[in-house]
Amino acid sequence: MRIGELAVAVGVTTRTVRHYHHLGLLPEPDRLPNGYRDYTLRHAVVLARIRRLTELGLGLTEVRDVLADDAGRDLAEVLEELDADLARQEAAVRERRERLRALLDREGGLPAEGPVSPELAALLTEMAHGPKSPMAAKDREMLALIETMATPDDRERLMTALGSAFRTPAAVARAHEMYALLDALADADPDDPDDPRVDEAARALADCLPESLLPETGLALSLDNGVLRALYADVAPAQAEAIRRAMRMFTERGR
């Protein structure tokens, strides 16, 4: 058989046949005097088996193990490993679908910063109520970022701390007052270090941060934190200074 006839018979492309030759999965056939490859029935049998194995989900390295006489692994062993791997993938897909369904079924819909955990979604929705605030919107984005970066244990502690600190009407009102103070610094003179509004906004921000965050989580809220540095660069200079002072006040409370 010529290569095209072999490919059609087994249901693959000639490029696939050449690729299997390159990988050493399919032996090179003898060549006719005119230089064309002359494939035998044995080549067709091996190629058909490679196709069946790959359709089961085996990678080409695993296919080589199955085909090799001295691989020390029989087909049943390889297929058992494949079945276990598929079971893990199936469980992961099922878990992802459950998470998606929980988000889609959530009362109040998804927050603009989603998808996030149901706990953070509830908090972000609560924070979104009230006056429109550029700093509040940025804060919600930061919380979504921090949740993504945190370990599962830290994420749970963060949500517990924030949930207890921001889910009362009085706390939400204080937060909106704090955001208004920060928003007002957007046009402040960056060369005026004595602007009393900077310190006022810093104290308001520090008072809104739950003290349990510092001792109970591994989330870095220090001045050297890379996320904070990126935040400082993304806001007005006076706003950045207020946030720096608030972080300093906050960390000093934990000492």
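Report follows, based on the coordinates. (Residues numbered from 1 in each chain as written. Predicted model: local features only at pLDDT ≥ 70, side-chain atom pairs only at ≥ 80, totals over all residues. Heavy atoms only, no water.)

1. Focus: the overall build of the chain
When helices and strands are counted, the chain shows 13 helices and two strands. Across the 255 residues of the chain, 37% fall into the buried class. Taking all contacts inside the chain whose residues are at least 6 apart in sequence as the whole, residues at least 24 apart take part in 59%. (Helix = DSSP H or I, 4+ residues; strand = E, 2+ residues; numbered from the N terminus. Buried < 20%, exposed > 50% of the residue type's maximum accessible area, 1.4 Å probe, protein only. Contact = heavy atoms within 4.5 Å.)

2. Describing the packing of aromatic side chains
For the structure shown, the criterion picks out zero aromatic pairs. In this structure, R244 is placed above the aromatic ring of Y232, and the distance from its NZ or CZ to the ring centre is 4.4 Å. (Phe/Tyr/Trp six-rings, centres within 6.5 Å; stacked < 30°, edge-to-face > 60°. Lys NZ or Arg CZ within 6 Å of the ring centre and 35° of its normal.)

3. Comments concerning the environment of L209
Topologically, L209 is positioned in the loop between helix 10 (196–208) and helix 11 (213–216). Residue classification places L209 among the buried positions, given a relative accessible area of 18%. With 48 residues separating them in the primary sequence, L209 and A161 have C-alpha atoms 9.2 Å apart. Leaving out residues up to four positions away in the same chain, L209 has contacts with M247 and F250.

4. Thoughts on the pattern of salt bridges
Per the stated rule, a full pass over the model turns up nine salt bridges. Between E28 and R37 there is a salt bridge, with its nearest N and O atoms 3.0 Å apart. Close ionic contact of E241 with R245 constitutes a salt bridge, the shortest N to O distance being 2.9 Å. Placement of the pair is E241 and R245 together in helix 13 (residues 237–253), with a separation of four residues, close to one helical turn. Each of D199, R203, E241, R244 and R245 takes part in salt bridges that share partners, so that together they form one network. (Salt bridge = Lys/Arg side-chain N within 4 Å of Asp/Glu carboxyl O.)

5. Observations regarding helix 6 (residues 118–128)
Within the span of helix 6, buried status applies to L120, A121, L123, L124, T125 and M127. Within two residues after helix 6, G130 carries a phi angle of roughly 110 degrees, on the positive side.

6. Here we look at a negative patch on the surface
On the surface, a cluster of negative charge is made up of D189, D191, D192 and D194. Among the structural elements, D189 can be located in the loop between helix 9 (169–183) and helix 10. (Patch = residues over 30% accessible without salt bridge, like charges linked within 9 Å, V, L, I, M, F, W, Y side chains within 5 Å. Areas by Shrake-Rupley, 256 points an atom, 1.4 Å probe, with all protein chains shown as cover. Lys, Arg positive; Asp, Glu negative; His and termini not counted. Charge placed at Lys NZ, Arg CZ, Asp CG, Glu CD.)

7. A short note on helix 5 (residues 75–104)
For helix 5, with 30 residues, the first-to-last C-alpha span of 43 Å sits near the 44 Å given by 1.5 Å per residue. Every buried residue belonging to helix 5 is among V78, L82 and L103, and all of these are buried. Against the buried residues of helix 5 lie helix 3 (41–56) and helix 4 (60–67). (Expected span 1.5 Å × (residues − 1).)

8. Observations regarding the side chain of E147
Inspection of the secondary structure assignment puts E147 in helix 7 (residues 134–149). The exposure class of E147 is buried, given its relative accessible area of 4%. The contact partners of E147, leaving out residues within four places of it in the chain, are V116, S117, L120, R155 and M159.

9. What to know about the packing of helix 1 (residues 3–10) against helix 2 (residues 14–23)
One way to put it is that helix 1 packs onto helix 2 with a least axis distance of 8 Å and a crossing angle of 105 degrees. On the basis of the axis angle, helix 1 is roughly perpendicular to helix 2. Between helix 1 and helix 2, the contacting residues are I3, G4, L6 and A7 on the first element and T14, V17 and R18 on the second. Within the contact of helix 1 with helix 2, the residues separate by chemical class into four nonpolar, two polar and one charged. (Axes fitted to C-alpha atoms, helices over the stretch in contact; angles between N-to-C directions. Parallel < 35°, antiparallel > 145°, perpendicular 65-115°, else oblique. Nonpolar A, V, L, I, M, F, W, Y, C, P; charged D, E, K, R; others polar.)

10. A look at the packing of helix 6 against helix 7
At a closest axis distance of 10 Å, the pairing of helix 6 and helix 7 adopts a crossing angle of 170 degrees. When the axes of helix 6 and helix 7 are compared, the pair comes out roughly antiparallel. Facing L120, L123, L124, M127 and A128 of helix 6, the residues of helix 7 in contact are D139, R140, L143, A144 and E147.

11. Considerations on the environment of A180
Relative to the assigned elements, A180 resides in helix 9. Along the backbone, A180 and A136 are 44 residues apart, and their C-alpha atoms lie at a distance of 8.7 Å.

12. So, the environment of P237
Turning to its location among the elements, P237 is positioned in helix 13. Once the C-alpha coordinates of P237 and L185 are considered, the two residues, 52 residues apart in sequence, prove to be 8.5 Å apart.

Any functional reading would require information that these geometric values do not contain.
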